[in-house]
Amino acid sequence: MHYIGIDLAWTYANESGICVIADNGEIVYCESKVFSDEMIAVIVEEYARDGAIVGIDAPLIVNNETGARYCDGAIMREKIHGKNLSVFTCSKSFMLNHFGVVRGEEVVKAIRKRMPAFALTGDLTDKKHVIIETFPTGITLGLFPDAFPVKYKVKHKVKFETTKTEMVRIINLVKRLSDCNPSVHNIEDFFNHSSSIQAMSKKGYKNLEDRLDAFLCAYAAYWLANHQGKVFGDDQDGFITIPIIDENEVCDGKSEMIKVYNKLIRDKIPQIIEDSGKKAIIEKVSGPEYLDLLNAKLGEELQEYLDSQKVEELADLVEVVYAILDYKGVSRQEFEGIRQQKVEERGAFRDKLLLKEVSDG
């Protein structure tokens, strides 16, 4: 038996994530790339020969021409662990107008064409091949009520560095699952929450996000095979299924007491933290990873100055520049020589000149 999670892109040009967990609690596949419907069906068939529950993050049944599906409204009206969820509501006309297809329906067709035994249903009782609709935000609330919300999705108005910090937090939460029932034993092989996340580009981050969402869908299927979850809606007009853990069984209630940073700090910060009576986990980095983190820190300090306009933030910015010079083996004197040469060749900014236009005439 395998448990397969699919973070499905709604268009064929974008990456989807696929994760597979075996019955022994091992992640055996976790990838994000551009998959066709047929490629997804082939992967599902490969791992579903002895049975599988497939959890897909996408609308799988969309019968309503306009408005919202009943299941979308039902899950938003329900309080889960005292909190409300927000879901993307959709209709057939909206999906066709914006995406040209209801891709979730097409993927289900492709899977069932290869393996007709698969049932699209929220009823997992005595069924060996099942496809369910689920979604990572609901899974996160259902499994980690003490830490919700975890805002690891890239948003236009949210600083990317803040989003990366939230990604580290969700991966720390996911690592709890090695001690939960059912447990997953090799999470760290696929999701490393080290400081390298802070140095990621948006493309690399999106790949990680898709794989993580696929893992959450796979784990939801794994959990639902062992426990009773919550089904919103029905098999006829659409349903969403999520795991909801008993709050008394939360694996680690300390998550809100832990603030995760995973960024470079000044040398005396560990002692300052210790003197305040708190504990910090410190890791020494070097080589290319150190330079990547310095570059990320440079962007962070620049943004902090732009936001605050405080001179002290410029001091932090210069300190990071000095650290980069040290890494590259450039002395302060050499750097000052480079700066002075540019002033002699191109001037400084003392005259406050604004270039508005350049023409050939």
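Our structure is the block above this text.
Reading the values: rules and limits
Residues numbered from 1 in each chain as written. Predicted model: local features only at pLDDT ≥ 70, side-chain atom pairs only at ≥ 80, totals over all residues. Heavy atoms only, no water. Pairing = 2+ DSSP bridges. Helix = DSSP H or I, 4+ residues; strand = E, 2+ residues; numbered from the N terminus. Axes fitted to C-alpha atoms, helices over the stretch in contact; angles between N-to-C directions. Parallel < 35°, antiparallel > 145°, perpendicular 65-115°, else oblique. Left-handed = near helix turned anticlockwise from the far one by under 90°. Contact = heavy atoms within 4.5 Å. Nonpolar A, V, L, I, M, F, W, Y, C, P; charged D, E, K, R; others polar. Phe/Tyr/Trp six-rings, centres within 6.5 Å; stacked < 30°, edge-to-face > 60°. Buried < 20%, exposed > 50% of the residue type's maximum accessible area, 1.4 Å probe, protein only. Core = buried A, V, L, I, M, F, W, Y, C linked by side-chain atoms within 4.5 Å. 1 Å grid on protein atoms, 1.4 Å probe; cavity = no way out; pocket = protein on both sides within 12 Å on 5 of 7 lines; lining within 4 Å. Points joined across faces, edges and corners; volume = space filled by probe spheres on them.

Chemist: Which parts of the structure should I look at to understand the sheet that holds strand β4 (residues 52-57)?
Modeler: Sheets are built from strands that pair by backbone hydrogen bonding, the pairs being arranged parallel or antiparallel. Ordered in space as β3-β2-β1-β4-β8-β7, the 6 strands form an open sheet in which the pairing is mixed. Where the open sheet ends on each side, the last strands, each with one partner, are β3 (27-33) and β7 (119-120). Across 6 bridges, the pairing between strand β1 (residues 2-7) and strand β2 (residues 16-22) is antiparallel. Residue pairing across strands places G5 opposite C19, the latter belonging to β2.

Chemist: Explain the packing of helix α1 (residues 37-47) against helix α4 (residues 103-114) to me, please; I cannot follow it from the model alone.
Modeler: Two numbers describe a pair of packed helices, the interaxial angle and the distance between the axes. Packing of α1 against α4 leaves a shortest axis separation of 9 Å and a crossing angle of 45 degrees. When the interaxial angle is binned, α1 and α4 end up oblique. Where α1 crosses over α4, the two elements pack in a sense that is right-handed. For the pair formed by α1 and α4, the contact residues are D37, E38, I40, A41, V42, V44 and E45 on the first element and R103, E106, V107, A110, I111 and R114 on the second. Residues belonging to the contact of α1 with α4 are distributed by class as follows: 7 nonpolar, no polar and 6 charged.

Chemist: Just to check I follow, could you spell out the packing of aromatic side chains for this structure?
Modeler: Given two aromatic rings, their pairing is described by the distance between the two centres and the angle made by the two planes. Throughout the structure, instances matching the rule amount to 11 aromatic pairs. For the ring pair F160 and Y205, a centre distance of 5.3 Å and an interplane angle of 75 degrees mean the geometry is edge-to-face. Remark: Y205 occurs in helix α7 (residues 202-224) and F160 occurs in helix α6 (residues 160-174); sequence separation between them is 45 residues. Pair check on accessibility: F160 and Y205 agree, each one buried. Grouped by ring-pair contacts, the aromatic residues Y3, F191, F215, Y219 and Y222 constitute a single cluster.

Chemist: Explain helix α5 (residues 136-143) to me, please; I cannot follow it from the model alone.
Modeler: What sets the pattern is the α-helix's 3.6 residues per turn: residues three or four places apart point alike. With 7 of 8 residues buried, α5 is to be regarded as a mostly interior element. If you follow the buried residues of α5, they end up packed against β4, β5 (79-80), β6 (83-84), α6, α7 and β10 (238-242).

Chemist: Which parts of the structure should I look at to understand unusual backbone geometry?
Modeler: With omega at 0 degrees, the peptide bond leading from F148 into P149 counts as cis. A positive phi angle, close to 60 degrees, is found at Q309, a residue other than glycine. Taking relative accessible area as the criterion, Q309 reaches 51% and is therefore assigned exposed.

Chemist: Mind showing me how you'd approach the side chain of D213 here?
Modeler: Within the secondary structure, D213 sits in helix α7. Judged by its relative accessible area of 1%, D213 falls in the buried class. Those residues in contact with D213 that sit more than four places away from it in its chain are D7, P136, Y152 and K153.

Chemist: Hey, could you run me through the packing of helix α9 (residues 287-308) against helix α10 (residues 311-328) in this one?
Modeler: At a minimum axis separation of 9 Å, α9 and α10 run at an interaxial angle of 160 degrees. Considering their axes alone, α9 and α10 lie roughly antiparallel with respect to each other. For the pair α9 and α10, the sense of crossing is left-handed. Counted by class, the contact of α9 with α10 contains 14 nonpolar, 3 polar and 6 charged residues.

Chemist: Please clarify how the nonpolar core should be interpreted in this entry.
Modeler: Nonpolar side chains tend to gather and get buried jointly when the protein is soluble and globular. With 68 residues, the main nonpolar core has I21, F215 and Y219 as its most contacted residues. Of the residues forming this core, the biggest block, 14 residues, is contributed by α7. Dropping the residues within four chain positions of it, I21 is found in contact with H2, Y3, E26, I27, V184, F215, A218, Y219 and Y222. The next biggest cluster of nonpolar side chains, apart from the first, holds 12 residues, and it includes C71, F135, F148 and I240.

Chemist: Even after reading the chapter, I still don't get the environment of A323, so can you show me in this structure?
Modeler: Within the secondary structure layout, A323 lies in helix α10. Linking A323 and L294, residues 29 residues apart in sequence, is a C-alpha distance of 7.6 Å. In contact with A323, other than residues within four places in its own chain, are Y290 and L294.

Chemist: What am I meant to see in the pairing of β3 here?
Modeler: Within a regular strand, the side chains alternate between the two sheet faces. Across 6 bridges, β2 lies against β3 in antiparallel orientation. Looking at β3, one finds that S16 is bridged to K33. Hairpin geometry of β2 and β3 is characterised by an intervening segment of 4 residues between the two adjacent antiparallel strands and by a positive phi of about 85 degrees at G25.

Chemist: Looking at this structure, I do not really get the layout of surface pockets. What am I missing?
Modeler: Over the atoms rolls a probe the size of a water molecule, and its path tells where empty space is left. In this structure, the second largest pocket occupies an estimated 1,200 Å³ of space. Taken together, 41 residues form the lining of the second largest pocket, with D57, F88, T137, K153 and K155 sitting closest to its centre. Looking at the lining of the second largest pocket, the elements that each hand over two or more residues are α5, α6 and α7. Among the elements that take part in the lining of the second largest pocket, α7 stands out by supplying 4 residues, more than any other.

Chemist: When you look at the environment of P270 in this model, what are you seeing that I'm missing?
Modeler: Mapped onto the fold, P270 is located in helix α8 (residues 269-275). We classify P270 as partly exposed; its relative accessible area is 26%. For the pair P270 and I282, spaced 12 residues apart in sequence, the C-alpha to C-alpha distance is 7.6 Å. Not counting residues up to four positions away in its chain, the partners in contact with P270 are I265 and I282.

Chemist: What is the right way to look at the environment of A225 in this model?
Modeler: Within the secondary structure, A225 is located in the loop between α7 and β9 (230-234). When the C-alpha positions of A225 and F335 are compared, they lie 62 Å apart, and in sequence the two are 110 residues distant.

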